[in-house]
Amino acid sequence: MTQRQALICPSILSSDFARLADEVESVQLGGADFIHVDVMDGRFVPNLTFGAPIVRSLAAATDMWLDCHLMVDEPDHLLADFAEAGVATMSVHIEACRHLHRTIERIRSLGMRPGVAVNPHTSFATIEAILADCDFVNVMSVNPGFGGQSFLPSVLPKIEAIDRWRREHNPELKIQVDGGIKTTTIAAAYAAGVDWFVAGSAVFGQSDRRAAIEGLRAAL
Ligand code: DX5
Ligand code: ZN
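First, a word on what this report is: a plain description of the structure on this page. Just so you know, these numbers come straight off a predicted model, no measurement behind them. The written sequence of each chain sets the order in which its residues are numbered from 1. Chain letters and ligand numbers both follow the written order, the letters beginning at A and the numbers at 1. Totals for whole chains, interfaces and linings use every residue, but because this is a predicted model, local features are given only for residues with pLDDT of at least 70 and side-chain atom pairs only at 80 or more, for both listing and counting. Water and hydrogen atoms were dropped before computing side-chain values, which therefore reflect all heavy atoms in the structure.

**Overview of the overall build of the protein chain**
Cut-off, in case you're wondering: Elements are defined by DSSP. Helices are runs of H or I of four residues or more, strands are runs of E of two residues or more, and each kind is numbered from the N terminus. The globule rule is 2.2 Å times the number of residues to the power 0.38, and the radius of gyration it is compared with is taken over C-alpha atoms. Accessibility throughout is a Shrake-Rupley quantity obtained with a 1.4 Å probe, and a residue counts as covered only by protein chains that appear here.
The secondary structure content of the protein chain amounts to nine helices and eight strands. The C-alpha atoms of the protein chain give 16 Å as radius of gyration, which agrees with the globular expectation for 220 residues (17 Å, within 12%). Across its three principal directions, the C-alpha atoms of the protein chain cover 40 × 40 × 30 Å. Carbon and sulfur atoms make up 50% of the accessible area of the protein chain, which totals about 9500 Å².

**Quick notes on the coordination of the zinc ion (ligand 2)**
Basically, it comes down to this: For Na, K and Ca the donor cut-off is 3.2 Å, and for all other metals it is 2.8 Å, counting N, O and S atoms only; because water is absent from this set, sites may look incomplete. Geometry assignment treats four donors as tetrahedral when all angles are between 85 and 135 degrees, treats four as square planar and six as octahedral when opposite donors are over 155 degrees apart and all others between 65 and 115, and treats everything else as irregular. Between buried and exposed lies partly exposed: a residue is buried under 20% and exposed over 50% of the maximum accessible area for its type, with that area taken using a 1.4 Å probe on protein chains only.
Every protein donor of the zinc ion (ligand 2) is listed here as His36 (NE2), Asp38 (OD), His69 (ND1) and Asp178 (OD), and their distances to the metal cover 2.1 to 2.3 Å. Because the angles between the six donor atoms bound to the zinc ion (ligand 2) fall within 70 to 176 degrees, the donor set is best described as octahedral. In the primary structure, the donors to the zinc ion (ligand 2) are separated according to the pattern H-x1-D-x30-H-x108-D. Taken as a pair, Asp38 in strand S2 (residues 35-40) and Asp178 in strand S7 (residues 174-178) lie far apart in primary sequence, 140 residues in all. Across the pair, Asp178 and Asp38 agree in class, each one buried.

**Observations regarding the site of ligand 1**
Here is the rule: Whether a residue is near a molecule or strand depends on its heavy atoms: if one lies within 4 Å, it is near. Only Asp, Glu, Lys and Arg are considered charged in this grouping, and only Ala, Val, Leu, Ile, Met, Phe, Trp, Tyr, Cys and Pro are considered nonpolar; every other residue, Gly among them, is considered polar.
Contacts to ligand 1 come from 20 residues, most closely from Asp38, Gly145, Asp178, Gly200 and Ser201. Against a free-state accessible area of 380 Å², the protein chains account for coverage of 100% of ligand 1. Sorting elements by how many residues they give to the shell around ligand 1 places S2 first, with three residues. Of the residues in the shell around ligand 1, the class split is eight nonpolar, ten polar and two charged.

**Section: the pairing of strand S4 (residues 89-93)**
Test applied: Any two strands are treated as partners once DSSP identifies two or more bridges connecting them.
Across the five residues that make up S4, a large majority, five, are buried. Here S4 shows no split at all, with Thr89, Ser91 and His93 on one side and Met90 and Val92 on the other all buried. Sheet topology places strand S3 (residues 66-71) next to S4; four bridges connect them, and they run parallel. Note that in S4 the partner of Cys68 across the bridge is Met90.

**A closer look at the pairing of strand S8 (residues 196-199)**
Inclusion rule: Crossover handedness is defined here as right-handed if the route from the first strand over the helix to the second strand goes clockwise, with the strands pointing away from the viewer.
The alternating pattern of S8 places Trp196 and Val198 on one face and Phe197 and Ala199 on the opposite face, and all of these are buried. As paired strands, strand S1 (residues 7-10) and S8 are joined by four bridges and run parallel to one another. Across the sheet, residue Leu7 finds its bridge partner in S8, namely Trp196. Relative to S8, S7 runs parallel, the two being bridged by three bridges. By the bridge assignment, Asp178 is partnered in S8 with Val198. Viewed along the sheet, the connection from S7 through helix H7 (residues 186-192) into S8 turns out right-handed.

Dropping the structure here:
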């Protein structure tokens with residue numbers, strides 16, 4: 001049995017945006033570890049959400065760790081705004097950044113902890129060279145853009161490969177999984193090596209947020 005600590009990070013994508021502060025408070029009271037904030041540009045992914053002004057307002061309304069997942073093409077020009085808004089951890093997509101190493105370094109220099117996000121089809125070999133520069137990897141287990149999609153088990157071997165890599169090179173690297181995490185899928189992701197579990201619809205889709213989060217932990 002592994003002793004790895006599992007953190008639950010509800011994604012506000014599936015929350016009621018008109019009541020955002022209350023929604024975040026409800027999952028904080030329900031035992032969430034941190035908050036996942038999905039920023040979409042309508043170009044890298046076929047959907048739009050919100051930008052730094054909303055995140056700034058949210059940061060003023062909560063003391064929770066805000067984890068920003070930027071689904072934005074060439075996002076460098078936005079990074080400073082999100083750092084000032086109060087983002088603690090920031091993942092950018094390898095498929096969206098032409099000079100990924102520079103972008104990761106910029107995230108760190110702005111005081112955020114950098115992560116690389118990877119689409120389901122992107123291989124371990126493609127991300128291996130950037131892992132030493134990252135604090136975490138966000139392994140997408142759905143095609144990014146929407147909440148409520150089904151978990152893709154085909155990403156599990158990639159998570160296992162990242163886990164093997166970190167044992168040898170960087171045990172501090174955290175593995176995040178994002179998409180389709182619910183009571184029926186979380187155990188397989190945990191067994192593969194995941195530390196941080198993003199859950200949108202599985203948490204905000206239930207009125208009892210504590211029961212939803214405890215249900216995920218119990219399914220580990
Ligand atoms: C999808 C987003 C996810 C999304 C997950 O593009 O990156 O963070 O909120 O939602 P669920 O948990 O419903 O799959
Ligand atoms: Zn996300």
